[in-house]
Amino acid sequence: MPSELLTERHGATLVLTLSDPATRNTLSPQACAAGIEALAVAESSADVRCIVLRGDGAHFCSGGNLQRLAHVRTVGPDEQRQSIERFHGFVEALRTFPKPVIGAVEGYAAGGGFSLALACDLIVAAEDAKFVMSYAKVGLSPDGGSSWHLAQQLPRALVLRMLWLAEPITPQQLQQFGLVNQLAPSGQALPQALALAERLATMAPNALASAKELVNAASQRRLREQLDAEREHFVGNLFDANGAEGLQAFFDKRKPDIR
């Protein structure tokens, strides 16, 4: 059976779990489609403030199912194009989702699994997790936006080494590069990701969405364009009810009651 996507609520956080432990949670078109749908529903729900993405069991995600890829070679390239587009739709949905998305990584995040982690806003990784761009080992090239995400944040030669040699990278190394935000003891990535999500859930969702939108667009804009966008977001948030409550709470020396 192909992997599936499980959903579970933890307070204001929606946990999305890639589930196929026997294959280290390989990706499937069905799971990606379910992820896109779950994010669309969560976007319109005021009760959901954050998303945590994780893998079922000991691993995050090992990327594409090689047995399925071998079968697709007997069918033709169009089926794989459609499958990749489904995966890319999930990546794009995570990237543009207006609420915080936290990846909770245990075990392996390999190939497309690494790509999926990079699409999250923040990554909490177990200290013994392993990240690897494994495509070259089987004669393939990256997908899931990994070449874009890595090239945005790391030197070109380092990215090529990661993609060409397919060597495992520790979360400690990725933390030094700024790609992993928080380390957790083995087995504690999910609890620590949920604790981080709880902190974010107490903050103004409109302000968080503005920050994510501004950061996502910054590399494509000139400074003047970014300044204009910041101005409009700032004014909009100042005159939002959460802006009024945030200011009053500061004056009252209390925690704000954010809606």
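If you're wondering where the values come from, they're calculated on a predicted model, not measured in any experiment.

1. Some remarks on the overall build of the protein chain
And step 1. Scanning the protein chain from terminus to terminus reveals eleven helices and eight strands.
And step 2. In terms of overall size, the protein chain behaves like a compact globule, its C-alpha atoms giving a radius of gyration of 19 Å where 259 residues would be expected to give roughly 18 Å.
And step 3. A principal-axis box enclosing the C-alpha atoms of the protein chain has dimensions of 65 × 40 × 35 Å.
And step 4. Put simply, the protein chain has 259 residues, and 44% of those count as buried.
And step 5. A separation of at least 24 residues holds for 67% of the contacts in the protein chain among residues at least 6 apart in sequence.
And step 6. Accessible area for the protein chain stands at about 13800 Å²; split by element, carbon and sulfur atoms hold 56% of it.
And step 7. Averaging the positions of the 24 positive and the 27 negative side-chain charges in the protein chain gives two centres separated by 5 Å.

2. Focus on helix H11 (residues 241-252)
And step 1. Helix length check: H11 (twelve residues) gives 16 Å between terminal C-alpha atoms against 16 Å at 1.5 Å per residue, within 8%.
And step 2. Buried residues in H11 make contact with helix H9 (205-218) and helix H10 (223-238).
And step 3. Backbone nitrogen of asparagine 242 and a side-chain oxygen of the N-cap are separated by 2.8 Å at the start of H11; the cap is aspartate 240.
And step 4. Once H11 ends, the next one or two residues include lysine 253, with phi positive near 55°.

3. Overview of the nonpolar core
And step 1. Grouped together as the largest cluster of nonpolar side chains are 46 residues, with contacts concentrated most on Ile51, Val105, Leu116 and Phe131.
And step 2. Mapped onto this core, the elements with two or more residues apiece are strand E2 (13-19), helix H1 (29-43), strand E3 (50-55), helix H3 (77-96), strand E4 (101-105), helix H4 (112-118), strand E6 (122-126) and helix H6 (156-165).
And step 3. Each residue touching leucine 116, except ones within four places of it in the same chain, is listed here: Leu18, Leu27, Leu53, Phe60, Phe87, Phe90, Val91 and Leu94.
And step 4. Counting 14 residues, the second-largest nonpolar core is a separate cluster that includes Val52, Val124, Ala193 and Leu200.

4. Focus on the sheet that holds strand E8 (residues 182-184)
And step 1. The six strands lie next to each other as E1-E2-E3-E4-E6-E8, forming an open sheet whose pairing is mixed. The open sheet has two edge strands, strand E1 (4-10) and E8, and neither has a second partner. Recorded for the sheet is a direction-independent mean angle of 20° between the axes of neighbouring strands.
And step 2. As paired strands, E2 and E3 are joined by six bridges and run parallel to one another.

5. Observations regarding the side chain of lysine 212
And step 1. Mapping lysine 212 onto the fold places it in helix H9.
And step 2. Under the relative-accessibility criterion, lysine 212 is labelled buried at 11%.
And step 3. Polar contacts involving the side chain of lysine 212 include one to the main-chain carbonyl oxygen of phenylalanine 97, which spans 2.6 Å.
And step 4. Reaching out from lysine 212, the side chain makes a polar contact with the side chain of aspartate 121 at a distance of 2.8 Å.

6. A word on H9
And step 1. Compared with an ideal rise of 1.5 Å per residue, which puts 14 residues at 20 Å, H9 spans 20 Å between its outermost C-alpha atoms and is within 8% of the ideal.
And step 2. Regarding H9, the residues found buried are Asn206, Leu208, Ser210, Lys212, Leu214 and Ala217.
And step 3. Next to the buried residues of H9 lie H3, E4, helix H8 (189-201), H10 and H11.

7. Comments concerning the packing of aromatic side chains
And step 1. Applying the stated rule across the entire model yields two aromatic pairs.
And step 2. A ring pair is formed by phenylalanine 250 and phenylalanine 251, whose centres lie 5.9 Å apart and whose planes are at 70°; its orientation type is edge-to-face.
And step 3. When its relative accessible area of 57% is taken as the criterion, phenylalanine 251 is described as exposed.

8. Some remarks on the packing of H1 against H3
And step 1. One way to put it is that H1 packs onto H3 with a least axis distance of 9 Å and a crossing angle of 30°. By the angle between their axes, H1 is roughly parallel relative to H3. By crossing handedness, the relation of H1 to H3 is classed as left-handed. Residue-level inspection shows Pro29, Cys32, Ala33, Gly35, Ile36 and Leu39 of H1 in contact with H3, the latter providing Ser83, Arg86, Phe87, Gly89, Phe90, Ala93 and Leu94.
And step 2. Of the residues contributing to the contact of H1 with H3, the split by class is nine nonpolar, three polar and one charged.

9. So, the layout of surface pockets
And step 1. The calculated volume of the largest pocket comes to roughly 700 Å³.
And step 2. If you trace the largest pocket, you find 30 residues lining it, with Gly64, Leu66, Leu69, Gln80 and Leu140 closest to the centre.
And step 3. The set of elements that each furnish at least two residues to the lining of the largest pocket consists of H1, helix H2 (66-75) and H3.
And step 4. With six residues, H2 is the largest single contributor of residues to the lining of the largest pocket.
And step 5. Looking at the lining of the largest pocket, its residues break down into 14 nonpolar, 13 polar and three charged.
And step 6. By volume, the second largest pocket is sized at about 560 Å³.
And step 7. Arg95, Cys120, Asp121, Val215 and Asn216 are, among the 25 residues lining the second largest pocket, the residues nearest its centre.

Rules of the game
- Residues numbered from 1 in each chain as written.
- Predicted model: local features only at pLDDT ≥ 70, side-chain atom pairs only at ≥ 80, totals over all residues.
- Heavy atoms only, no water.
- Helix = DSSP H or I, 4+ residues; strand = E, 2+ residues; numbered from the N terminus.
- Rg over C-alpha atoms; globule rule 2.2 N^0.38 Å.
- Buried < 20%, exposed > 50% of the residue type's maximum accessible area, 1.4 Å probe, protein only.
- Contact = heavy atoms within 4.5 Å.
- Areas by Shrake-Rupley, 256 points an atom, 1.4 Å probe, with all protein chains shown as cover.
- Lys, Arg positive; Asp, Glu negative; His and termini not counted.
- Charge placed at Lys NZ, Arg CZ, Asp CG, Glu CD.
- Expected span 1.5 Å × (residues − 1).
- Polar contact = N/O pair within 3.5 Å; in protein donor to acceptor, adjacent residues only side chain to side chain.
- Core = buried A, V, L, I, M, F, W, Y, C linked by side-chain atoms within 4.5 Å.
- Pairing = 2+ DSSP bridges.
- Axes fitted to C-alpha atoms, helices over the stretch in contact; angles between N-to-C directions.
- Phe/Tyr/Trp six-rings, centres within 6.5 Å; stacked < 30°, edge-to-face > 60°.
- Parallel < 35°, antiparallel > 145°, perpendicular 65-115°, else oblique.
- Left-handed = near helix turned anticlockwise from the far one by under 90°.
- Nonpolar A, V, L, I, M, F, W, Y, C, P; charged D, E, K, R; others polar.
- 1 Å grid on protein atoms, 1.4 Å probe; cavity = no way out; pocket = protein on both sides within 12 Å on 5 of 7 lines; lining within 4 Å.
- Points joined across faces, edges and corners; volume = space filled by probe spheres on them.

Honestly, that's just the spatial picture; any functional story needs more than this.
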